[in-house]
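Spelled out, the chains give:
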Amino acid sequence: MGEAVRNSGIPREEIFVITKLYPNQFSNPEAAIEDALTKLDIEYIDMMLLHHPGTGDVEAYLAMEKVVEDGKIRSLGLSNWYVEELEEFLPQINIMPALVQNEIHPYYQENDVIPYIHNLGIVVQGWYPFGGRGYTAELLGNEVISNIAAAHGKSSAQVILRWNLQKGVIVIPGSSNPDHIQENTELFDFELTEDEMQQMNALDRGTYYT
């Protein structure tokens, strides 16, 4: 990734790089942070997340805060943190996370968690917006989503991403297919109606795939 950024010809400030510390790195976060900076070799890291709550997570976050002070990391965030975890974690740190990244898709909507995080002034980012490996086909084939897509002349994937955006959730769909990558950006020439949003909200099963 670092090599791609360095050789892209794109100004560094126009690329936003996010990386993570994992729970097995929390015991020595300073070394893990330095390792990430060295391997990427891209001047600075735009955002570093803690991947999951775990033993030593507060200490690891505080170590990241020190690197923010040095300017080598620009912002901090969390991944897989929910209301109970945030209530315990946030009073122990100094820099409010800029972002919380959680699994969010029509079958696992987190409708209680998203407003809570937003009310803290934190951005919500949804990963696995299409349900994750092995579940994407089922989600994209859902009749409700397919019907909404047909009404707008869009794909089911575009409807899911648009639904997220209208809920105030940043989405990070992954694809290696150039056509799919292009399609995933074409979300701003249509809008779901309130009724369509309610139909999507009614699909929540509380089913997560991690």
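Structural data are supplied above this passage.
Residues numbered from 1 in each chain as written. Predicted model: local features only at pLDDT ≥ 70, side-chain atom pairs only at ≥ 80, totals over all residues. Heavy atoms only, no water.

K.L.:
What is the right way to read the overall build of the protein from this model?
P.N.:
Helix and strand counts for the protein stand at ten helices and six strands. The C-alpha radius of gyration of the protein comes to 18 Å, within 12% of the 17 Å expected for a compact globule of 210 residues. C-alpha extents for the protein along the principal axes are approximately 50 × 45 × 30 Å. Put simply, of all contacts in the protein between residues at least 6 apart along the chain, 72% involve residues at least 24 apart. The positive charge centre, built from 12 side chains, and the negative charge centre, built from 32, are 6 Å apart in the protein. (Helix = DSSP H or I, 4+ residues; strand = E, 2+ residues; numbered from the N terminus. Rg over C-alpha atoms; globule rule 2.2 N^0.38 Å. Contact = heavy atoms within 4.5 Å. Lys, Arg positive; Asp, Glu negative; His and termini not counted. Charge placed at Lys NZ, Arg CZ, Asp CG, Glu CD.)

K.L.:
Is there a simple way to explain the environment of Asn142 in this structure?
P.N.:
With respect to the secondary-structure elements, Asn142 resides in the loop between α6 (136-140) and α7 (143-152). Separated by 36 residues in sequence, Asn142 and Pro106 have C-alpha atoms that sit 10.0 Å apart. Ignoring any residue separated from it by four or fewer positions in sequence, one finds Asn142 in contact with Tyr107 and Leu203. A polar atom in the side chain of Asn142 sits 2.9 Å from the backbone nitrogen of Val144. (Polar contact = N/O pair within 3.5 Å; in protein donor to acceptor, adjacent residues only side chain to side chain.)

K.L.:
Is there a simple way to think about the side chain of Asp57 in this case?
P.N.:
Checked against the element boundaries, Asp57 lands in helix α3 (residues 57-69). Within the buried set, Asp57 has no salt-bridge partner at all; the shortest N-O distance to an opposite charge, 14 Å, is to Lys20. Among all residues touching Asp57, those that are not within four sequence positions of it are Phe26, Leu50, Trp81 and Phe89. (Buried < 20%, exposed > 50% of the residue type's maximum accessible area, 1.4 Å probe, protein only. Salt bridge = Lys/Arg side-chain N within 4 Å of Asp/Glu carboxyl O.)

K.L.:
What am I meant to see in helix α10 (residues 194-201) here?
P.N.:
Each α-helix turn comprises 3.6 residues. Residues three or four places apart therefore point the same way. For α10, every residue scored as buried is listed here: Glu196, Met197 and Met200. Buried residues along α10 cover an arc of 100 degrees about the axis, so they all sit on one side. Close packing links the buried residues of α10 with α7 and α8 (156-166). (Arc of directions from axis to C-beta.)

K.L.:
Just checking my understanding: could you explain the sheet that holds strand β4 (residues 99-103) for this structure?
P.N.:
If you walk across this open sheet you meet the six strands as β1-β2-β3-β4-β5-β6, and the pairing is parallel. Both outer strands of the open sheet, β1 (18-21) and β6 (169-171), are each paired with one neighbouring strand and no more. When the angles between neighbouring strand axes are averaged without regard to direction, this sheet yields 35 degrees. Of the pairings in the sheet, the one linking strand β5 (residues 123-127) to β6 comprises three bridges and is parallel in character. Within β6, the position partnered with Gly126 by the bridge is Val171. Of the strands in this sheet, β1, β2 (45-50) and β3 (73-79) touch helix α2 (residues 29-40), which is tilted by about 145 degrees from β2. (Pairing = 2+ DSSP bridges. Axes fitted to C-alpha atoms, helices over the stretch in contact; angles between N-to-C directions.)

K.L.:
How should the pattern of salt bridges be read in this particular structure?
P.N.:
Two side chains carrying opposite charge are able to pair once their charged atoms lie near each other. The full count for this structure, using the stated rule, is four salt bridges. Linking Glu138 and Arg205 is a salt bridge whose minimum nitrogen-to-oxygen distance equals 3.0 Å. Here Glu138 is found in helix α6, whereas its partner Arg205 is found in the segment after α10, with 67 residues between them in sequence. Classification of Glu138 by relative accessible area gives partly exposed; the value is 40%. Judged by its relative accessible area of 47%, Arg205 is partly exposed.

K.L.:
Any chance you could explain the nonpolar core here in plain terms?
P.N.:
Soluble globular proteins tend to pack their nonpolar side chains together in the buried interior. Ranked by internal contacts, the top residues of the largest apolar core, which has 36 residues, are Leu21, Ile33, Leu50 and Phe89. Put simply, the parts of the chain that give this core at least two residues each are α2, β2, α3, β3, α4 (83-89) and α5 (113-119). It is α3 that contributes the most residues to this core, six residues altogether. In this structure, Ile33 is in contact with Leu21, Met48, Ala63, Met64, Val67 and Ile73, ignoring residues within four places of it in sequence. (Core = buried A, V, L, I, M, F, W, Y, C linked by side-chain atoms within 4.5 Å.)

K.L.:
Help me understand a negative patch on the surface, please; the structure alone is not making it clear to me.
P.N.:
There is a patch of like negative charges on the surface, built from Glu13, Glu14, Asp41 and Glu43. Tracing the sequence through the fold places Glu14 in the loop between α1 (2-7) and β1. Residue classification places Glu14 among the exposed residues on the basis of a relative accessible area of 59%. (Patch = residues over 30% accessible without salt bridge, like charges linked within 9 Å, V, L, I, M, F, W, Y side chains within 5 Å. Areas by Shrake-Rupley, 256 points an atom, 1.4 Å probe, with all protein chains shown as cover.)

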